[in-house]
Structure formats: C-alpha cells, structure tokens
Amino acid sequence: KIIVTGANGQVGTELVSALRKIHGNSNVIATDIDQHPTSSGDSGPFEYLNVLDQENLRRLLDTYRPREVYHLAALLSAVGEKKPQKAWELNMDGLLHMLRLSLEFEVEKVFWPSSIAVFGPLSPKENTPQHCIMNPDSIYGISKLAGERWCEYYALHHGLDVRSLRFPGLIGWQSEPGGGTTDYAVHIFHEALKNQAYDCFLTENTRLPMMSMPDAIRATVELMQAEKEKISIRSSYNIAGINFTPGELAAAIRKHIPGFRISYLENDPRQKIADSWPESIDDSFARSDWNWEPGYDLPGLTSAMLENISRNRTFVHDL
Ligand code: VAH
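Residues numbered from 1 in each chain as written. Predicted model: local features only at pLDDT ≥ 70, side-chain atom pairs only at ≥ 80, totals over all residues. Heavy atoms only, no water.

**Observations regarding the packing of aromatic side chains**
No. 1: Using the criterion set out here, one finds seven aromatic pairs in the structure.
No. 2: Consider the rings of W150 and Y153, whose centres lie 6.0 Å apart with planes at 70°: the pair is edge-to-face. Placement of both W150 and Y153 in helix α5 (residues 139–158) is noted, with a separation of three residues, approximately one turn of the helix.
No. 3: Note on W150: relative accessible area 36%, which makes it partly exposed.
No. 4: Y153 sits in the partly exposed class, given a relative accessible area of 40%.
No. 5: Ring centres of Y184 and F201 lie 6.2 Å apart, and the angle between their planes is 85°; on these two criteria the pair is classed as edge-to-face. Residue Y184 is found in helix α6 (residues 184–195), and its partner F201 is found in the loop between β8 (197–200) and β9 (208–212); the two are separated by 17 residues along the sequence.
No. 6: You can call Y184 buried: its relative accessible area is 0%. (Phe/Tyr/Trp six-rings, centres within 6.5 Å; stacked < 30°, edge-to-face > 60°. Helix = DSSP H or I, 4+ residues; strand = E, 2+ residues; numbered from the N terminus. Buried < 20%, exposed > 50% of the residue type's maximum accessible area, 1.4 Å probe, protein only.)

Quick look at the structure:
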C-alpha cells in the first residue's frame, strides 16, 4: 500500500493519479484534510487525515501498513506569510510526526517535497548549487530548510529511507496551484484563454526556476525507484526544469494567442519572496546520481498547457 498526504493539493492531485497507474487504484490511499476530491476521474481509496492529529495518523499507518508514504501536506510560501504560525506548525510538526511514525511502522520509503524556497538572498542567484549558503526569509522556506535537516537526520541516524526534491515553481493543467509565489505561471494560461489578458503579480523581469508538473511527477517517481545506494543527498536534491520571466512567458503565449496582453502589478507581497529566490538551479547531483533529465522546454510547456486547458478545462478557474 501507498499513502499520500495532501492528496488534494497541486502536486498531490497529479501524483495520486500517476501512482495509481503504476501500483493500481486500490493500492494508493489518498488522504487530505480537505474532503472534496480535486482529481477528476480516477477513483480509489480516500481517507480524511489531519497530519497534526498523531492518533489519526497512527491509526492510518497501522491500518494500511504502507510500503511507501508521500508526505505532501503543507502551506506554501504566499499563504505561509499570511499564517506564519499555522505554516510552521503544519510544515514542521506534520513532518516530524510523519518521520517518527514512518520509522515506528517500518515504512520502506518516504518522499517529502522541499523547495527552491530554502535558498535566500545570500544564496548564489544563477545555477544555484546543491550546497551553498541558505538564508531563507519566508516562513515556508525556513520550514523547508529545517525539514531538510530533519530528513537527513532520520536517514543518517535512524536509517529511514526518506528522499526529497527541491521543487521549483510547478506548472500543470490538472490541479489548482496552492497559494504560492509561482502561481502566476498557472493562472496566466487560464486567463489567456478566457480573457486574452492577465494582470501579473510579479514584475516583468522576475526570473524564477520552473518545471512542468509532468516532469515533477516523473522526477518523484524516478527518485523513489532509484536504488538506495545511488542516493547521495539525504537533505533534498536540487532539480531543474526551465527558468523564465513573466515577460518571456507572455511572449511564448503570444505565439499561440497573438493578441494576448499582460500588465504588471507593483508591490505585491509575493514580489519580495520571489526576489529572495534563485533565478536558475544547478541539478548536477540529480543528473549524476539517478540520471535526472527534464522533458519540457518553455515552448513545449506553453503549448501543452494551452492545449490541455482548452481541451479538458479540468477545473473551473476563478481568480
Ligand atoms: C510556492 N509553488 O510558490 C511553491 C514552490 C518554488 C515555489 O515552493 O510557494
């Protein structure tokens, strides 16, 4: 059995579908505190889970005795700045409960997503390396940096096989973004199709590392399927897809929707968070340890998003 927490979130929705295709619907238990399923179509077991309720979590682990756990439940960067205590509690205590109980119930492998948010103003901006100064100044980034330290501690001191990826901004067409700083890169496609215009909350030249959701899901599966001996990083792997600015993304959209217009808001609180993050990531450890290779470039991502959203319209997008 496999348990996924935060299964109704932006990554969880697509990860549950991918894991069910690999392991069979009944073997992947989707759990979330939010009961209404977001994933259109595929069916499979769902359980209510508040990861801060240790008895709830213990009961689920005892019932299913999962071989693998994917612990995605968290608050993202922008929401986290509005609810710092809640973000710290959910992101930190939720992870600590999961690590401790995964050890107790002998879970074979645990996946936990970190983020480029672990880097800060003193980190190198371009081709940010796996090991460098990390002074995150968002609660979300602080919780992810502390979480990486705990994951490495459980791996080295307790032998727990916990694996992690520092996700960049993720762009997919099957799930809503979850209140992050990179959400503009998903909203923009829906607005381009609906109104041929978008008011972007980041400025034109804000360059950020990004990745298609299909690449992020494939990276997660490939990391978890890699032989244990190949994993040399037990904090969290840098992983890169593409990087672009809102201006470059608008130009790529205009190749499909010539009249598309974009305007840039000033002083959005998310701008400060974006300015503290890298512009591009060096993922040489992921490439050498487990042969990571991204699959989408910006033109490919742009046409895939526009095609799939206009064809599927999998969720009604209200800004
Ligand atoms: C966020 N989408 O914006 C998430 C992610 C690197 C960005 O962590 O908070």
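**Thoughts on the sheet that holds strand β11 (residues 242–244)**
No. 1: Within the open sheet, the three strands sit side by side as β7-β9-β11. Their pairing is mixed. Where the open sheet ends on each side, the last strands, each with one partner, are β7 (169–171) and β11. Mean inter-strand twist for the sheet, computed between neighbouring axes without regard to direction, equals 40°.
No. 2: Pairing between β7 and β9: three bridges, direction parallel. Across the sheet, residue L170 finds its bridge partner in β9, namely M211. (Pairing = 2+ DSSP bridges. Axes fitted to C-alpha atoms, helices over the stretch in contact; angles between N-to-C directions.)

**Focus on the nonpolar core**
No. 1: If you look at the biggest cluster of nonpolar residues, it comprises 40 residues, and the most contacted ones within it are I171, Y184, F189, F244, L249 and F260.
No. 2: Excluding residues that lie within four positions of it along the chain, Y184 makes contacts with Y198, C200, F201, L202, M210, F244, T245, P246 and L249.
No. 3: Formed by 31 residues, the second largest nonpolar core is a distinct cluster that contains V16, Y70, F111 and A216. (Core = buried A, V, L, I, M, F, W, Y, C linked by side-chain atoms within 4.5 Å. Contact = heavy atoms within 4.5 Å.)

**With respect to the site of the ligand**
No. 1: Taken together, the residues surrounding the ligand are L76, S77, S115, I116, Y140, F167, P168, G169, G180, T181, T182 and W277.
No. 2: Separating an oxygen atom of the ligand from a side-chain N or O atom of S77 is a distance of 2.6 Å.
No. 3: For the ligand, an oxygen atom lies 2.7 Å from a polar atom in the backbone of T181.
No. 4: The class makeup of the residues in the shell around the ligand is six nonpolar, six polar and no charged. (Near = heavy atom within 4 Å. Polar contact = N/O pair within 3.5 Å; in protein donor to acceptor, adjacent residues only side chain to side chain. Nonpolar A, V, L, I, M, F, W, Y, C, P; charged D, E, K, R; others polar.)

**Description of the environment of T203**
No. 1: Residue position: T203 is located in the loop between β8 and β9.
No. 2: On the basis of relative accessible area, T203 is assigned to the partly exposed category, the value being 25%.
No. 3: The spacing of T203 and P246 is 43 residues in sequence and 7.1 Å in space, taken between C-alpha atoms.
No. 4: If we ignore the near neighbours within four places in the chain, the residues touching T203 are P246, Y264, L265, E266 and Q271.
No. 5: Of the polar contacts made by the side chain of T203, one reaches the side chain of T206; its length is 2.7 Å.

**Some words on the environment of N50**
No. 1: One can find N50 in the loop between β3 (46–48) and α2 (54–64).
No. 2: Classification of N50 by relative accessible area gives partly exposed; the value is 22%.
No. 3: For the pair N50 and I142, spaced 92 residues apart in sequence, the C-alpha separation works out to 22 Å.
No. 4: Discounting chain neighbours no more than four positions away, the residues touching N50 are I33 and N56.

**A word on the sheet that holds strand β2 (residues 28–32)**
No. 1: Read across the open sheet, the seven strands follow the order β3-β2-β1-β4-β5-β6-β10; overall the sheet is parallel. One side of each edge strand has no neighbouring strand; the edge strands of this open sheet are β3 and β10 (237–238).
No. 2: As judged from the three bridges shared by β2 and β3, these two strands associate in the parallel manner. Looking at the pairing, D32 lines up with Y48 of β3.
No. 3: Contacting β1 (2–5), β2 and β4 (68–71), helix α1 (residues 10–23) runs over the sheet at an angle of about 165° to β2.

**Re the pattern of salt bridges**
No. 1: Scanning the entire structure with this criterion turns up 16 salt bridges.
No. 2: Of the charged contacts, one joins D215 and R218 as a salt bridge, the two residues approaching to 3.1 Å between their closest N and O atoms. Of the two residues, D215 and R218 both sit in helix α7 (residues 213–225), three residues apart, roughly one turn of that helix.
No. 3: For R218, a relative accessible area of 29% translates into the label partly exposed.
No. 4: Here D283 ties to R287 by a salt bridge, and the two come within 2.7 Å at their closest N and O atoms.
No. 5: On the basis of relative accessibility, which here comes to 5%, the residue D283 falls in the buried class. (Salt bridge = Lys/Arg side-chain N within 4 Å of Asp/Glu carboxyl O.)

**Concerning the pairing of β9**
No. 1: Among the five residues in β9, five count as buried, and that is most of the element.
No. 2: Side-chain alternation along β9 places L208, M210 and S212 on one buried face and P209 and M211 on a second face that is also buried.
No. 3: Both β9 and β11 contribute to a ladder of three bridges, which runs antiparallel. Residue M210 lies in a different strand from β11, and its bridge partner there is I242.

No statement about biological role is implied by the geometric values presented.
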